[in-house]
Amino acid sequence: LADQLVIERHALLIGLGDKFAAANALIDCAATAAFLGRFDEAIENGMACEAQLNTADTQSSYAHATQQLGRVYVMARRWHDAAAPFRHSIRVSWDLQMWRHLVRAMMHLPNALVMGSDPATAARLHGFGTTQHQRRYGTPNHIEARELRRTRRLLRHRLGAAPFATLMAEGAAMTMAQAVAMALEDNI
């Protein structure tokens, strides 16, 4: 039902001529398609949304859309592809001081990095992102919390419990500038 409703909403917004709202609605279409396992469709919608919102006037929506596209890639287990949208969101959010978007992107980037070649960096960023989100905005919603638990389990498995806990603590102690610099490194 949700899938049908977001598709109808998108069509209505197009019919009304509200290009900005229609572009934003595409990310909801992407999310519902991803939850139903239609990953190609979800990625196509997410990329279309991202492209339509990448203007000077829509950077807040762009930062959100890129995060959602990253999460779709993670759901599709395309971890390498997922890192770039999160980094775009981090870069835009950092430059424009959009703290909520920045913290959310920092919280989700480790979901993309968990299967990469540097799990220690992913663990540090996980410690930073989850701590910052908790301090500033409280507990993530149940869907995001499930994604974060999966990342913690994978990192704990890859690193071992004690090293993982140490790296999480190191990440939690980083400054925003240190964490952003680490997140934007291309080699992780």
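Predicted model, so just to flag it, every value in this text is computed and none were measured.

Once that is clear, we can look at the nonpolar core. For soluble globular proteins, the rule of thumb is that nonpolar side chains tend to be buried together. Counting 36 residues, the largest nonpolar core has Ile-90, Met-106, Leu-109 and Leu-125 as the members making the most contacts within it. Residues Ala-23, Ala-30, Val-92 and Met-98 belong to the second largest nonpolar core, which totals eleven residues.

With that settled, consider the side chain of Gln-68. Considering the arrangement of structural elements, one finds Gln-68 in helix α4 (residues 59-75). Taking the relative accessible area as the measure of exposure, Gln-68 reaches 15% and is therefore buried. Separated by 3.0 Å, the side chains of Gln-68 and Arg-71 make a polar contact. Here Gln-68 is in contact with Ile-27 and Arg-104, once residues within four sequence places are set aside.

The full count for this structure, using the stated rule, is one aromatic pair. Note on Trp-94 and Trp-99: the rings are 6.0 Å apart at their centroids and 75° apart in plane angle, and the pair reads as edge-to-face. For Trp-94, a relative accessible area of 31% corresponds to the partly exposed category. The side chain of Arg-100 reaches across the aromatic face of Tyr-137, ending 4.3 Å from its centre.

Quick notes on the rules
Residues numbered from 1 in each chain as written. Predicted model: local features only at pLDDT ≥ 70, side-chain atom pairs only at ≥ 80, totals over all residues. Heavy atoms only, no water. Core = buried A, V, L, I, M, F, W, Y, C linked by side-chain atoms within 4.5 Å. Buried < 20%, exposed > 50% of the residue type's maximum accessible area, 1.4 Å probe, protein only. Helix = DSSP H or I, 4+ residues; strand = E, 2+ residues; numbered from the N terminus. Polar contact = N/O pair within 3.5 Å; in protein donor to acceptor, adjacent residues only side chain to side chain. Contact = heavy atoms within 4.5 Å. Phe/Tyr/Trp six-rings, centres within 6.5 Å; stacked < 30°, edge-to-face > 60°. Lys NZ or Arg CZ within 6 Å of the ring centre and 35° of its normal.

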